[in-house]
Amino acid sequence: MKTSQRSAAIALFLIFSIAMATITNGAFEIHLTAEKAEFKLGEPVVVLVSLTNKGSEPVNISPELGPEADFLQYLITDPDGKETPFSPAFVADRADFITLGKDETATGTARIFYGGNGYSFPKPGKYSIVARYKDSRSTPFEIRVLAPANEAEREQARMILDHTEVGLFLMLEGGDELADAKKQIDALIAKHPTSILTHYVRYAVAKNLSVPARNFVSKKPRSANLPRAIEILQGLKDKDFQFYYQSKANSTLASSLAKLNRNDDARKVLQDFRKKLEGMEKLRPYYLKHINDQLDKMK
């Protein structure tokens, strides 16, 4: 290793060590909620997370509060009373931190519907979710997964829950090599085009198309298909599904338009979504900053 590389590695290690040492001294108030309390069987579950520093000193924490940050641990208790730690499908490689002063709060989101143990909510019933960091633990947050109301809903759920590749595709928001996921997603879109479950897979398909990718099985790279991604995302603009995915769909639509030098259209997408979000007091802390940051970059 070159001297400069070794110095950089040592510096990163020291920063990380200092940050983790600071975190250890903190006491946190952790709060979980969600956009809704009831989810359809097969619907991605995303929880909203707030973390408040209740210690006497500032603390450095990961800016991401989802399980991939490997900071907060999420525990899920199923309808039978079995508690299982959520195992993320991947761990993000991050070296940046934010500082929370005393009584300051950070907010974030956690996608916990699919991970290293498969689907987290595979059957109807009441589930309890807890987030913890060392001795700090949230109050249990309960959601209910609804039983399918008819055969069509049952078929849609099975197209997702019976196929682990679909869960992985939704978590990664792509994966050209996931052939079974593509087969099931194409079938879901074709047979149930207006289903709320279809909105989620359409977003993941569009996100995948919006960036260049490489099929890790065939080893073949491909270019982004921005026109097709934009077409799908424009069709999702007015759909009623979780705001987490609405936010990501609008953000991806705006960035795709900007890549085609359609900057005025991109700004309008974000401005219209921000106007919609400003009327939602509960959700603003979780999504407004990202939209404003994206708009600032387009000035």
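Note that the coordinates shown come from a computational prediction; the quantities given were computed from them, not determined experimentally.

## Things to note about the overall build of the chain
The secondary structure content of the chain amounts to 9 helices and 15 strands. Relative to the 2.2 N^0.38 estimate, which gives 19 Å for 299 residues, the radius of gyration of the chain is 20 Å and therefore close to what a compact globule would have. Sorting the 299 residues of the chain into buried and exposed places 45% on the buried side. The long-range fraction of contacts in the chain, counting pairs at least 24 apart against all pairs at least 6 apart in sequence, stands at 67%. Accessible surface, the chain: about 15,400 Å² in total, of which carbon and sulfur atoms supply 51%. For the chain, the distance from the average site of its 42 positive side-chain charges to the average site of its 37 negative ones is 4 Å.

## Remarks on the pattern of salt bridges
Enumeration over the complete set of coordinates arrives at 18 salt bridges. Measuring nitrogen to oxygen at the nearest pair gives 3.5 Å for the salt bridge that ties Arg137 to Glu83. You can see Arg137 sitting in strand 12 (residues 136-137) and its partner Glu83 sitting in strand 6 (residues 83-85), a full 54 residues away along the chain. Overall, the relative accessible area of 43% leaves Glu83 in the partly exposed class.

## Observations concerning the side chain of Ser50
Following the sequence through the fold, Ser50 ends up in strand 3 (residues 46-53). The exposure class of Ser50 is buried, given its relative accessible area of 12%.

## Considering the nonpolar core
Of all hydrophobic cores here, the largest spans 80 residues; its most connected members are Val49, Ile61, Leu72, Tyr74, Ile112 and Phe121. Each of two domains, domain 1 (3-146) and domain 2 (151-297), supplies a minimum of three residues to this core. In contact with Ile112, other than residues within four places in its own chain, are Val45, Val47, Pro67, Tyr74, Ile76, Phe86, Ser120, Phe121 and Ile129.

## Some remarks on the domain arrangement of the chain
You can read the domains of the chain as domain 1 (3-146) and domain 2 (151-297). Measuring from the centre of the C-alpha atoms in domain 1 to the corresponding centre in domain 2 gives 23 Å. Interface of domain 1 and domain 2: buried area, both sides summed, is about 2,300 Å²; carbon and sulfur atoms make up 64% of it. It is Glu35, Arg111 and Tyr119 that lose the most area in domain 1 upon contact with domain 2, and together they represent 28% of the buried surface on that side. Where domain 1 meets domain 2, there are 2 salt bridges. Across the domain 1-domain 2 interface, the total number found is 14 residue pairs in polar contact (both at pLDDT 80 or more). Put simply, the parts of the chain that give the side of domain 1 that touches domain 2 at least two residues each are strand 1 (28-34), strand 2 (38-40), strand 3 and strand 8 (105-111). Taken together, the residues that form the side of domain 1 that touches domain 2 break down as 14 nonpolar, 6 polar and 6 charged.

## A word on helix 6 (residues 226-236)
Turning to helix 6, its buried residues number three or more, namely Leu226, Ala229, Ile230, Ile232, Leu233 and Leu236. For helix 6, the arc enclosing every buried residue in end-on projection is 165°, short of the 170-degree limit, so these residues lie on one face. The inward-facing, buried residues of helix 6 contact helix 5 (196-209) and helix 7 (243-259). Near the N-terminus of helix 6, the side chain that reaches the backbone nitrogen of Arg228, with its oxygen 3.2 Å away, is that of Asn225.

What counts as what
Residues numbered from 1 in each chain as written. Predicted model: local features only at pLDDT ≥ 70, side-chain atom pairs only at ≥ 80, totals over all residues. Heavy atoms only, no water. Helix = DSSP H or I, 4+ residues; strand = E, 2+ residues; numbered from the N terminus. Rg over C-alpha atoms; globule rule 2.2 N^0.38 Å. Buried < 20%, exposed > 50% of the residue type's maximum accessible area, 1.4 Å probe, protein only. Contact = heavy atoms within 4.5 Å. Areas by Shrake-Rupley, 256 points an atom, 1.4 Å probe, with all protein chains shown as cover. Lys, Arg positive; Asp, Glu negative; His and termini not counted. Charge placed at Lys NZ, Arg CZ, Asp CG, Glu CD. Salt bridge = Lys/Arg side-chain N within 4 Å of Asp/Glu carboxyl O. Core = buried A, V, L, I, M, F, W, Y, C linked by side-chain atoms within 4.5 Å. Domains from an automatic or database assignment. Buried area = accessible area lost by both parts, 1.4 Å probe. Polar contact = N/O pair within 3.5 Å; in protein donor to acceptor, adjacent residues only side chain to side chain. Nonpolar A, V, L, I, M, F, W, Y, C, P; charged D, E, K, R; others polar. Arc of directions from axis to C-beta.

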